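Coordinate analysis (summary)
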Amino acid sequence: MASELEPEVQAIDRSLLECSAEETAGKWLQATDLTREVYQHLAHYVPKIYCRGPNPFPQKEDMLAQHVLLGPMEWYLCGEDPAFGFPKLEQANKPSHLCGRVFKVGEPTYSCRDCAVDPTCVLCMECFLGSIHRDHRYRMTTSGGGGFCDCGDTEAWKEGPYCQKHELNTSEIEEEEDPLVHLSEDVIARTYNIFAIMFRYAVEILTWEKESELPADLEIIEKRDTYYCMLFNDEVHTYEQVIYTLQKAVNCTQKEAIGFATTVDRDGRRSVRYGDFQYCEQAKSVIVRNTSRQTKPLKVQVMHSSIVAHQNFGLKLLSWLGSIIGYSDGLRRILCQVGLQEGPDGENSSLVDRLMLNDSKLWKGARSVYHQLFMSSLLMDLKYKKLFAVRFAKNYERLQSDYVTDDHDREFSIADLSVQIFTVPSLARMLITEENLMTIIIKTFMDHLRHRDAHGRFQFERYTALQAFKFRRVQSLILDLKYVLISKPTEWSDDLRQKFLEGFDAFLELLKCMQGMDPITRQVGQHIEMEPEWEAAFTLQMKLTHVISMMQDWCALDEKVLIEAYKKCLAVLMQCHGGFTDGEQPITLSICGHSVETIRYCVSQEKVSIHLPVSRLLAGLHVLLSKSEVAYKFPELLPLSELSPPMLIEHPLRCLVLCAQVHAGMWRRNGFSLVNQIYYYHNVKCRREMFDKDIVMLQTGVSMMDPNHFLMIMLSRFELYQIFSTPDYGKRFSSEITHKDVVQQNNTLIEEMLYLIIMLVGERFSPGVGQVNATDEIKREIIHQLSIKPMAHSELVKSLPEDENKETGMESVIEAVAHFRKPGLTGRGMYELKPECAKEFNLYFYHFSRAEQSKAEEAQRKLKRQNREDTALPPPVLPPFCPLFASLVNILQSDVMLCIMRTVLQWAVEHNGYAWSESMLQRVLHLIGMALQEEKQHLDNVTEEHVVTFSFTQKISKPGEAPNNSPSILAMLETLQNAPYLDVHKDMIRWILKTFNAIKKIRESSSASPVAETEGTIMEESSRDKDKAERKRKAEIARLRREKIMAQMSEMQRHFIDENKELFQQTLELDASTSAVLDNSPMVSDTALTALGPAQTQVPEQRQFVTCILCQEEQEVKVESKAMVLAAFVQRSTVLSKNRSKFIQDPEKYDPLFMHPDLSCGTHTGSCGHIMHAHCWQS
């Protein structure tokens, strides 16, 4: 067909070449109805230039279009030969100080980490090399295409907004000049006319939806029956599917099909067949039929060649407009006026609106062209950028809905221009104030997440693949919200306050739908059958993390906003959990004469959720009240008296108990989904707005309530209340025949609870909680990371939390805390902790994982041994709390806390009678150390008018009250100092006793202190207690030794009575010195003593516990228990064969258990050794 058309094409080319651009432009200048004249010209010539055959000839088409179609427009616009007219316009123009270079895909971009307002502010290579930023800390990335260079934009840079090239063009006058003054009135009028006609034509033809007929004013009489079968791109079908389908549909080779598919993917559409209607329709039906089996079919249209011709010219025209406005800012201003001028249909009738609202209907190539035009025109003219931003905001909801339903990537959507608009601080503020943009974004986001449970919370459980795809696209709205908030206001107007708080209300509604979502219940009996959906909820949390932080940053900048935001957040939390006691059984807890009313709630039995964003936001705002001192300036404006501390702490406490129970292995049957949730809860990406804020909320609650009440509630939630409230419960518990799993679980829960108390008292490095600044916080993070091991820069950065600008703040403090060790010939450079910073190491730093804590402890003890110091790792000296949290330290000297300490120490002293662990003791020692450090600081900083109310040393010197009459904490510590089974903790106990004596001396010497009067009697009592405790300790040691020897000897007597009569008599008469020798001699394990001979006694069988590899359930091996099996493989073996030549005649009847005398072969049974329940193996 192409060969038949060639002569005709050649003939047309000759007739077109005779067309004169100057004459046509002259005719247009004389015309009374310019629009009609231009449209007739286009209707006549466009189909003769474009789409003349099955294959396009872009170079020839562009040459003819320039000569016949664009040439007359350029002549008309200039009023003379454009070869002279355009240079004149360029010369008269005052060049823009904005660079505006649009990046291609893969082009390098540069962002200054010191001067950029946010990470989206970038420079092209030319501008970067000519700017001051080349000597700063910068980030280099490759562009995904579509953005432009921000050189010259004063709002994008804190310093050095211009490069050397664009600085020359900056005006001496700061006032903005109208660029139209550089154009004559005739040029303005002609430009306005031609731009209005051509822009309208391009928009009309690109958004035209009919496939066989043109708009009336472009229709021609002699219409030929030539059509294209046009294939459109989508993001559903693969290259292979498209190539295979095209080979079948249009009967082409694989090479041609690959060419078609590549063009479709690049440009968004491509004609795959040219001919009459029936011929093209046939190809369309084959393509649709072949691609509609599993998914929606490929989009195919049979389009008349004249429509395709006009659309191709429409794209060429938009590119031409983009290049023409480059000659003069005046031309750019006129094009912006034309584009944003409202049409006869009222709102959304401007050409720009029409293009934006039809974005999802256009193919990829058309979108790219008009997006580039918008960037080079509307976004480069500061006046019209604002007007365009308003139009974009008004249509925001519709544009986002179109994007969510569209299947093209975001970079090909008009919605992607939000980054160019919302990151401009002045525009973002204007849109919040005038268009209520924050509220619009949040409500649009929530409209797309309609799946809710009965309580109105987001539900992601039964998400289909389509809904998951939609959810991924909806997340881009969170990015837009981040762009709007990324630059903080320096001045607040009443309108901005009002609109921000309206947006804050909408944000609270969003968080309310997340509060308590994805609740989980502990799986008992059998393993969970299907892992629940958890990733969607955590993805949402991760995306919102920086937004939540930025919301708090905005609130912190204005006292009125902070107070209102705090009230609103508290009100929403009350709505969520105001009735948190409803339906729960009220109970009264009592320990040490203190009682508290609470509810019976077991995390291990009830539903619990890890998602509590409203509680955590309130915790963040509460810290800001302290940091900004609003809590002290305007207490009457705050609802602090209305706060219910038990309600505030309830849900964060449940969440932390959940983590503790997971560590204790109580939730094994809930599968990996819960393990992953706990991992991300503590992970560096989420912890700032999850785990950290839960700790802050508990600190808030403790600072506002009686610490004894808090500790009793905590014991109840950890399900440990019985153990600490009942005297000798631990002894009874361990002496009963208890499943060892339960003992281990309780030990782990006690350890986790003590760890939580350490965190509540010790974590005061957040500005507002403790008297510190943000630098101290990041220093502490780095110190503890480097305490584990020396780290490379990249490794250290990954372990630190990033802010919204992708900055960790590491560079500003690293030199103060670490030395850089340069790399050798191989390897990497490493940061090593400075020796003087080691004293700030806290073994129970709250961001350590279990593995990191263990490594850090080992590394620090090793370092101390190398320096010939004792290996104690005492708690570091901590900064004081802010006044709002000051009462928190009293938890250390509260009666219930002392009871917990005393109980654990007692277990350690009588170590055979109780189920306890060394980790438990280590945590108690750490808490005692913290309390001593606190008292020492109080005494060091005391002034004459203040009384030292923190008297931990006095309290630990007093013995326990009746009926137990247990020794004092101090006496027990002295007892434990000499315990041979606690060698590893001796140094720590010694440090505690040394610190205690130092505090005692300070108290004795500070006669000016008001507490000095009672000091003498207290010291006297302390000394009496000490003597009494010493006597008691020696008697206790002697008793334990006697019991141990008696038990050992009675066992030996039973087995060897005849041989050992004399030894037995001697043993009973041993004095204390011999006893000591025996005690220090190596003990013989009871299990090693075995009786032989005819009169032997029965040796008690050892109990054996095994774990099923499939269901992870532990079970004792007994005859009456469930059957346990091993997987085994039985096979013939000739390893020890004496007759390898023998052949078994009938293998089916051969008995493998019978060994033939010739030893030809044997039976080998192999097993992996993994034990399983028989029923688990069968199922």
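No experiment lies behind these values; they were computed from the predicted model shown.

1. Thoughts on the side chain of R902
Note that R902 resides in helix α39 (residues 895-909). Leave out the neighbours within four places in its chain, and R902 touches K955, K958, P959, G960, S966, P967, I969 and M972.

2. A word on the packing of aromatic side chains
Per the stated rule, a full pass over the model turns up 32 aromatic pairs. Judged by centre distance (5.9 Å) and plane angle (50°), the ring pair of Y201 and F313 falls under tilted. Taken as a pair, Y201 in helix α8 (residues 185-206) and F313 in helix α12 (residues 305-324) lie far apart in primary sequence, 112 residues in all. Each member of the pair Y201 and F313 is classed as buried. Note on F500 and F504: the rings are 6.3 Å apart at their centroids and 35° apart in plane angle, and the pair reads as tilted. Highlighted residues: F500 and F504, both in helix α23 (residues 494-514), separated by four residues, approximately one helical turn. Considered together, F500 and F504 belong to a single accessibility category, that of buried residues. The ring of W363 carries the charged tip of R269 above its face, separated from the ring centre by 3.7 Å. The aromatic ring of F232 is capped on one face by K299, whose charged end is 4.6 Å from the ring centroid.

3. Topic: the sheet that holds strand β4 (residues 269-275)
Backbone hydrogen bonds are what pair the strands of a sheet, in a parallel or an antiparallel way. Here three strands make up an open sheet; going across it, the order is β4-β3-β5 and the pairing antiparallel. Looking at strand neighbours, the two that pair on one side only are β4 and β5 (300-304), the edges of this open sheet. Each strand of the sheet is rotated relative to its neighbour by a mean of 30°, with strand direction disregarded. Across the face of the sheet, helix α9 (residues 239-250) comes into contact with β3 (227-232) and β4 while running at roughly 10° to β4. The strands that α12 touches are β3, β4 and β5; relative to β5, the one it contacts most, it runs at about 95°.

4. A short note on a nonpolar patch on the surface
A cluster of nonpolar side chains, I1109, L1110 and W1177, forms an exposed patch at the surface whose accessible area comes to about 320 Å². With respect to the secondary-structure elements, L1110 resides in the loop between β10 (1105-1107) and β11 (1114-1116). Judged by its relative accessible area of 45%, L1110 is partly exposed.

5. Focus on unusual backbone geometry
A positive phi angle, near 65°, is found at K806, a position not held by glycine. For K806, the position within the fold is in the loop between α36 (793-798) and α37 (814-817). Assessed through its relative accessible area of 47%, K806 is described here as partly exposed. Unusually for a residue other than glycine, R868 sits at a positive phi of about 55°. Within the secondary structure, R868 is located in the loop between α38 (850-866) and α39. The class for R868 is exposed, based on a relative accessible area of 79%.

6. Let's talk about the packing of α9 against helix α11 (residues 277-291)
It is at 9 Å that the axes of α9 and α11 come closest, and there the two elements cross at 145°. Helix-helix and strand crossings are classified by hand; for α9 and α11 the assignment is right-handed. For the pair α9 and α11, the contacting residues are T245, L246, K248, A249 and V250 in the first and A283, V286, I287, N290 and T291 in the second. Of the residues that constitute the contact of α9 with α11, the class distribution is six nonpolar, three polar and one charged.

7. Remarks on the pairing of strand β6 (residues 586-591)
Taking every second residue as pointing to the same face, the buried face of β6 carries I587, L589 and I591, while none of P586, T588 and S590 on the other face is buried. Of the strand pairs in this sheet, β6 and strand β7 (residues 594-599) are connected by six bridges, and their pairing is antiparallel. Bridged to T588 within β7 is E597.

8. A closer look at the packing of helix α17 (residues 396-405) against helix α20 (residues 437-448)
The angle between the axes and the distance between the axes are what describe a pair of packed helices. One way to put it is that α17 packs onto α20 with a least axis distance of 10 Å and a crossing angle of 35°. Handedness of the crossing formed by α17 with α20: right-handed. Two secondary-structure elements touch here, α17 through Y396, E397, Q400, S401 and V404 and α20 through I440, I441, T444, D447 and H448.

Rules behind the numbers
Residues numbered from 1 in each chain as written. Predicted model: local features only at pLDDT ≥ 70, side-chain atom pairs only at ≥ 80, totals over all residues. Heavy atoms only, no water. Helix = DSSP H or I, 4+ residues; strand = E, 2+ residues; numbered from the N terminus. Contact = heavy atoms within 4.5 Å. Phe/Tyr/Trp six-rings, centres within 6.5 Å; stacked < 30°, edge-to-face > 60°. Buried < 20%, exposed > 50% of the residue type's maximum accessible area, 1.4 Å probe, protein only. Lys NZ or Arg CZ within 6 Å of the ring centre and 35° of its normal. Pairing = 2+ DSSP bridges. Axes fitted to C-alpha atoms, helices over the stretch in contact; angles between N-to-C directions. Patch = residues over 30% accessible without salt bridge, like charges linked within 9 Å, V, L, I, M, F, W, Y side chains within 5 Å. Areas by Shrake-Rupley, 256 points an atom, 1.4 Å probe, with all protein chains shown as cover. Salt bridge = Lys/Arg side-chain N within 4 Å of Asp/Glu carboxyl O. Left-handed = near helix turned anticlockwise from the far one by under 90°. Nonpolar A, V, L, I, M, F, W, Y, C, P; charged D, E, K, R; others polar.

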